[in-house]
Amino acid sequence: MVTAAELIQKKGRHLEQGLSDAEISQYLAAVEGWTLQDGKIVRSFDFKNYYETLAFVNAIAWVIHADDHHPELTVTYNRVVARFDTHSVNGGKGGISENDFIAAAKVDAIYRQR
Ligand SMILES: C[C@H](O)[C@H](O)[C@H]1CNC2=NC(N)=NC(=O)C2=N1
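As recorded in an unreviewed UniProt entry, the protein chain goes by Putative pterin-4-alpha-carbinolamine dehydratase and comes from Noviherbaspirillum galbum. What the UniProt record of the protein chain gives under Sequence similarities (unreviewed entry) is the line "Belongs to the pterin-4-alpha-carbinolamine dehydratase family." Under the heading Catalytic activity (unreviewed entry), UniProt records this for the protein chain: "(4aS,6R)-4a-hydroxy-L-erythro-5,6,7,8-tetrahydrobiopterin = (6R)-L-erythro-6,7-dihydrobiopterin + H2O".

In structure tokens:
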């Protein structure tokens, strides 16, 4: 069984093989709050105000840059919705890979520090 603590220790790498539906379910169980929606993993993060919201976005940029795996972000006054998928898998059609869950676990760890 994969855990968030293990995922945080990993680094993203180039992958061409996506995860199966069964594997996606296992990884989703490790990152609380993330769901699969329209072929991406998605989570919403709430904040007190716009300053905190943007500080979170900047912290994500700092941490995630090292893994070259970037969330799609929808930023509003007190909420960030983050979405991850992997372009290179499934013959370039895109899908979900371990990299998405590594990045999700790192974003969660940033959120826990607020
Ligand atoms: C060439 C470069 O590494 C790729 O385009 C990276 C950049 N950031 C990325 N971010 C995300 N979320 N998925 C990707 O597949 C991805 N690919």
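After presenting the structure, the write-up continues.
**Q** Just give me the short version of the site of the ligand, but keep the residues and values in it.
**A** For the ligand, the full set of nearby residues is D68, H69, H70, F84, D85, T86, H87 and S88. Classifying every residue of the shell around the ligand by side-chain character gives 1 nonpolar, 5 polar and 2 charged.

**Q** I'd like to hear about the sheet that holds strand β4 (residues 79-84), residue by residue, with values.
**A** A sheet is described by the order of its strands in space; here 4 strands give the open sequence β1-β2-β4-β3, paired in antiparallel fashion. Two strands in the sheet have a free side with no partner beyond their single neighbour: β1 (35-37) and β3 (72-76). Ignoring which end each strand starts from, the neighbouring axes of this sheet average 30° apart. With 5 bridges connecting them, β3 and β4 associate as antiparallel partners. Looking across to β4, one finds that T74 is bridged to V81.

**Q** With reference to specific residues and values, describe the nonpolar core.
**A** V31, F101, A103, A104 and A105 are the most contacted members of the largest nonpolar core, which has 20 residues in total. Taken together, the elements giving at least two residues each to this core come down to β2 (40-46), α3 (50-64), β4 and α4 (98-112). No other element matches α4, which puts 6 residues into this core. Contact partners of F101, with chain neighbours within four places excluded, come to L7, Y27, A30 and V31.

**Q** For the environment of R83, give the residues involved together with the corresponding values.
**A** Of note, R83 is situated in strand β4. Each C-alpha atom, one on R83 and one on H70, is 8.8 Å from the other, the two residues being 13 residues apart in sequence. What R83 contacts, discounting residues up to four positions off in sequence, is K40, I41, V42, P71 and E72.

Calculation rules
Residues numbered from 1 in each chain as written. Predicted model: local features only at pLDDT ≥ 70, side-chain atom pairs only at ≥ 80, totals over all residues. UniProt positions renumbered as here; feature names shortened; annotations may be inferred. Near = placed C-beta within 6 Å. Nonpolar A, V, L, I, M, F, W, Y, C, P; charged D, E, K, R; others polar. Pairing = 2+ DSSP bridges. Helix = DSSP H or I, 4+ residues; strand = E, 2+ residues; numbered from the N terminus. Axes fitted to C-alpha atoms, helices over the stretch in contact; angles between N-to-C directions. Core = buried A, V, L, I, M, F, W, Y, C linked by C-beta atoms within 7 Å. Buried ≥ 20, exposed ≤ 12 C-beta atoms within 10 Å, placed from the backbone. Contact = placed C-beta atoms within 7 Å.

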